[in-house]
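An overview of the molecular structure
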Amino acid sequence: MSFKLQVKFFGLCAFVPNTKVNKSMRVFLIDARAPGVASSGVRHVSHLPAIKFNLADLVLGENQPFFFIQSNSENNLPKGQWVFNGDEIEIRVDGKPLPQNSLKVLNAEQEKNFYLIPSTSNIYPELGGLAVKDECFANEENLSTVGIAARLQLTSGTIGTNPAEYISTDEYYFSPSTNKYKQKIASCAMYEIDIDSNEVEIFSKRTNQGLTFSPKNGEKLELSISNIPPDGLEAVKMDDPENTIDFELAYLIAKKYPITPRIPVRSAVGPEYPKPLLCASIIYNPDPKA
């Protein structure tokens, strides 16, 4: 049996492409579990780094990490949630990692343009963009010691966005900015790959444990990796709803933290979709270690 694996990334995720085009990409979930105070004096809301999945797709096994079971009034299908804690995550098929050097990054000429995710090269053009800290690539047993809640390397398949949802109707500029650059923002990146097997495993090298999945419908397995406030917590935020103050946290892994952290601000008055705009991800400069 073969099926399509689809992983959606939400929230405080930093994407670092390899300097070699279409080779690979690192995804860092920034550790914002106790984030502190923004430059405006507003306290950031804690973020929960986790992978969510439909329980029906889970293949029960012995060597599984602890996970939560969630059910709410909006969805009568229970979901599972595995919370990350400095984990190096790997996608495995039949006990082996995915093939190397064949990741396709979709661009503006294609339907699922990955670059609707804000890029530091556009946010800080006068600096030539921003690079991540060298420590982000270190072989640490627990990545939370270097400010990362989870790390994943994408080596094959495609990475883009979803043109049908999670893209703002309005354009955003980045304030305070020295240029007039603005763009629509995708608050979700989408990774897809065809799996030529019955199952796929999401494995943590830190704990030597993983979760194995097989789509109940036999056609598509949908997972989401998110780094957003726990359900309901974002409603208590006291900051300006037109500004996404938590975007400042995306710079926590920058090699040189910007003197003036720029955040996306809507450039037009009108309905926002999704509402509120989820903590946006960010694209850092390419790195040969990615």
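Before reading on, note that the structure itself is shown above.
Reference entry: report on the structure contained in this document. None of these values were measured; they are calculated from a predicted model.

1. What about the side chain of serine 214?
Among the structural elements, serine 214 can be located in the loop between strand S17 (209-213) and strand S18 (220-228). Here the side chain of serine 214 touches asparagine 198 through a polar contact of 2.8 Å, landing on its backbone oxygen. Apart from residues lying up to four places away in sequence, serine 214 is in contact with Met1, Asp57, Val59, Asn198 and Glu199.

2. Here we look at the layout of surface pockets
Where empty space is left becomes clear once a probe the size of a water molecule has been rolled over the atoms. As a volume, the second largest pocket reaches approximately 310 Å³. Along the wall of the second largest pocket there are 19 residues; nearest its centre are Glu88, Ile89, Glu90, Gln153 and Lys205. Elements with a contribution of two residues or more to the lining of the second largest pocket: strand S8 (87-93) and strand S11 (148-154). A total of four residues in the lining of the second largest pocket trace back to one element, the largest contributor, which is S8. Residue classes in the lining of the second largest pocket are distributed as seven nonpolar, four polar and eight charged.

3. Observations regarding the sheet that holds strand S19 (residues 263-266)
Strand order in the open sheet made by the three strands is S14-S13-S19, with antiparallel pairing throughout. Edge positions in the sheet fall to strand S14 (182-183) and S19, since each of these pairs with one other strand and no more. Bridging between strand S13 (residues 172-175) and S19 involves four bridges; their strand directions are antiparallel. Bridged to serine 175 within S19 is isoleucine 263.

4. Some remarks on unusual backbone geometry
Of the consecutive residues serine 175 and proline 176, the connecting peptide bond is found in the cis state with omega at -10°. Structurally, the position occupied by proline 176 is in the loop between S13 and S14. With a phi close to 55°, aspartate 94 is a non-glycine residue in the positive phi region. Positive phi outside glycine occurs at asparagine 208, with the angle close to 60°. Mapped onto the elements of the fold, asparagine 208 is located in the loop between strand S16 (200-204) and S17.

5. As for the packing of aromatic side chains
Following the criterion strictly, the structure yields 14 aromatic pairs and no others. Seen from their ring centres, phenylalanine 66 and phenylalanine 68 are 5.0 Å apart, and the 85° between their planes marks the pair as edge-to-face. Look at phenylalanine 68 and you get partly exposed, because its relative accessible area is 41%. Taken together, a centroid distance of 5.3 Å and an interplanar angle of 65° make the contact between tryptophan 82 and phenylalanine 84 edge-to-face. Classification of tryptophan 82 as buried rests on a relative accessible area of 4%. The exposure class assigned to phenylalanine 84 is buried, which follows from its relative accessible area of 1%. Chaining the aromatic ring pairs together yields one cluster made of Tyr124, Phe174, Tyr181, Phe247, Tyr251 and Tyr257. Between arginine 92 and the ring centre of phenylalanine 203, over which it is positioned, the NZ or CZ distance is 3.7 Å.

Cut-off values and rules
Residues numbered from 1 in each chain as written. Predicted model: local features only at pLDDT ≥ 70, side-chain atom pairs only at ≥ 80, totals over all residues. Heavy atoms only, no water. Helix = DSSP H or I, 4+ residues; strand = E, 2+ residues; numbered from the N terminus. Polar contact = N/O pair within 3.5 Å; in protein donor to acceptor, adjacent residues only side chain to side chain. Contact = heavy atoms within 4.5 Å. 1 Å grid on protein atoms, 1.4 Å probe; cavity = no way out; pocket = protein on both sides within 12 Å on 5 of 7 lines; lining within 4 Å. Points joined across faces, edges and corners; volume = space filled by probe spheres on them. Nonpolar A, V, L, I, M, F, W, Y, C, P; charged D, E, K, R; others polar. Pairing = 2+ DSSP bridges. Phe/Tyr/Trp six-rings, centres within 6.5 Å; stacked < 30°, edge-to-face > 60°. Buried < 20%, exposed > 50% of the residue type's maximum accessible area, 1.4 Å probe, protein only. Lys NZ or Arg CZ within 6 Å of the ring centre and 35° of its normal.

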